Amino acid sequence: MFGATVLVPLLTGLDIATTLLMAGLGTLLFHLITKGKVPAFLGSSFAFLGGYGAIAPMLENNTPNHELLPYACLGVACAGLVYLVLAACIKIAGVSRVMRFFPPVVTGPIIISIGLSLCGSAKTNCDTNWLIALCALAIVIIFNIWGKGMLKIIPILLGVVASYVFSMIVDAPTRATLVEHVSQAAWIGLPVKWENTALSIFGNNFDGGMLVTAIITIMPIALATMVEHIGDICAISSTVGANFIADPGLHRTLLGDGLATSIASLFGAPANTTYGENTGVLALTRVYDPLVIRLAAVYAIIASFCPKFAALVSAMPTGTIGGVSLILYGMISAIGVRNLVENRVDLAKSRNVIVVSLIISLALGITFSTAGAITFHVGEFTLNFSGLAVAAIVGIVVNAILPGKDYNFQNDYEYGKTTEDHGQML
């Protein structure tokens, strides 16, 4: 899970050391809340990249937007609280009653839109050095298709490392940047800086309008990531042969993921998520003991206290980031398509076509418009609703209103089924 975990801060400008620390602590918190039963590692979520890009886009030459990043982080922290609300609803009303508001006909198009809205930034990163970008892209594809064993599980990490090494050979400026970054970094240091935390915005230059905008823009993304979380837990249940939806309970896994996300964001790290890659590692190694995952969390915490390690990662060539993210963003959209296909969403029905088309057209139309958002003025506040926020809200409301809903969340798990079987069941 390391490659994806550090790639998110590289794409957003968040601190790498803080990311590693909060991934480790978030994983341990998740295991505490789930009674140590679920072998899941929590790392950086790609789903919120659109939110970071809308509120705190990277500046010229991929310079982090330190002024606005804390606002985005506070928005993500509020999104984590949505998990807690859903967890409470599931505990009170049951899984089936709650999940009927988040059917695949809504969540699938939202996931598709997340990936498509990010593709432009991937191409921009590739423009810095297409040779390095294509090297990363080729390696990811080769190992994803023809890799064997563990190599097939970690294509992103292999693409990052191999293209990084390749850039050191063919690109002298990149090599000089690496030497400078690593030589100047200390061996030991604190992974959290106050100016990077979400609470640092409450100072002399506090912008209340920007805070409200960040919350409204980013919170709806949680609607898609919560369903992604449920799919991950189902896949892990299938692999391990234990019904984690029932024990320790979906409300506990959502609570652990949501709290980990909120706490990580408050300290200036990306949102956490239960990784789909986690299922592949479990299936390959057949090691299901959650203690192994907790050891990995401890390793991440230890690495976070080494600034030289963070400097090595932060010096990664922009071309490498572009090549990996080019296919990664496409994969996000592909997951959304798979969500529709595996759940057999009937697009012959007009009501389903209307829901899907509204979500995609609103998300992409608003995102790629001149303003990039829908703006409202409420008194002294200026509120900007991102395309994803508008699309998510409209999709849920329209799906709830239109007749002909045919989605039925099934909470009956037969152990030993494949991940694909559970995908169809969901």
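The paragraphs below set out a description of the structure included in this document. Each residue is numbered by its place in its chain's sequence as written, counting from 1. Local features in this predicted model are restricted to residues of pLDDT 70 or higher, and side-chain atom pairs are both shown and tallied only at a pLDDT of 80 or more, whereas totals for entire chains, interfaces and linings draw on every residue. Computation of side-chain values covers all heavy atoms of the structure but excludes hydrogens and water.

### Some points on the packing of helix H6 (residues 104-126) against helix H18 (residues 350-367)
At step 1: Contact geometry for H6 and H18: axes closest at 9 Å, N-to-C directions at 25°. Considering their axes alone, H6 and H18 lie roughly parallel with respect to each other. As H6 runs across H18, the sense of the crossing is right-handed. Listed contacts from H18 to Val105, Val106, Pro109, Ile110, Ser113, Leu116 and Ser117 of H6 are Arg351, Asn352, Val355, Val356, Ile359, Ile360, Ala363, Leu364 and Thr367.
At step 2: Each residue gets one label: Ala, Val, Leu, Ile, Met, Phe, Trp, Tyr, Cys and Pro are nonpolar, Asp, Glu, Lys and Arg are charged, and the others, such as Gly, are polar. Per-class residue counts for the contact of H6 with H18 are 11 nonpolar, 4 polar and 1 charged. Note on definitions: angles span 0 to 180 degrees between N-to-C directions of axes, and those axes are lines fitted to C-alpha atoms, for helices only across the stretch in contact. Secondary structure elements are taken from DSSP: a helix is a run of H or I of four residues or more, a strand is a run of E of two residues or more, and numbering for both begins at the N terminus. Roughly parallel here means an angle under 35 degrees, roughly antiparallel means over 145, roughly perpendicular means 65 to 115, and every remaining angle is called oblique. Left-handed describes a crossing whose near helix is turned anticlockwise from the far helix through less than a right angle; right-handed describes the clockwise counterpart. Contact criterion: two residues are considered in contact whenever any of their non-hydrogen atoms come within 4.5 Å of each other.

### A look at the pattern of salt bridges
At step 1: Throughout this description, the term salt bridge denotes a Lys or Arg side-chain nitrogen within 4 Å of a carboxyl oxygen of Asp or Glu. Under the defined criterion, the tally for this structure stands at 3 salt bridges.
At step 2: Residues Asp127 and Lys123 are paired through a salt bridge, measuring 2.9 Å at the closest nitrogen-oxygen approach.
At step 3: Whether a residue is buried, partly exposed or exposed follows from its accessible area with a 1.4 Å probe, protein chains only, as a fraction of its type maximum: under 20%, in between, or over 50%, in that order. For Lys123, a relative accessible area of 44% corresponds to the partly exposed category.
At step 4: Where Arg338 meets Glu342, a salt bridge forms, and the shortest distance between an N and an O atom there is 3.8 Å. Here Arg338 pairs with Glu342, and both are found in helix H17 (residues 318-342), just 4 residues apart, close to one helical turn.

### Comments concerning helix H7 (residues 130-146)
At step 1: Taking 1.5 Å per residue as the helical rise, H7 with its 17 residues ought to reach 24 Å, and the 23 Å between its terminal C-alpha atoms agrees with that figure.
At step 2: Those residues of H7 that fall on the buried side of the exposure criterion are Ile132, Ala133, Cys135, Ala136, Leu137, Ile139 and Val140.
At step 3: Of the surrounding secondary structure, the elements contacted by the buried residues of H7 are H6, helix H9 (155-170) and H17.
At step 4: Think of a polar contact as two N or O atoms within 3.5 Å of one another; within protein, one of them needs to be a possible hydrogen donor and the other a possible acceptor, and neighboring residues in sequence only count if both atoms come from side chains. The N-cap of H7, judged by a side-chain oxygen 3.2 Å from the amide nitrogen of Leu131 a few residues on, is Asn129. In this scheme, a helix's expected span is set at 1.5 Å multiplied by one less than its residue total.

In short, geometric facts, not functional conclusions.
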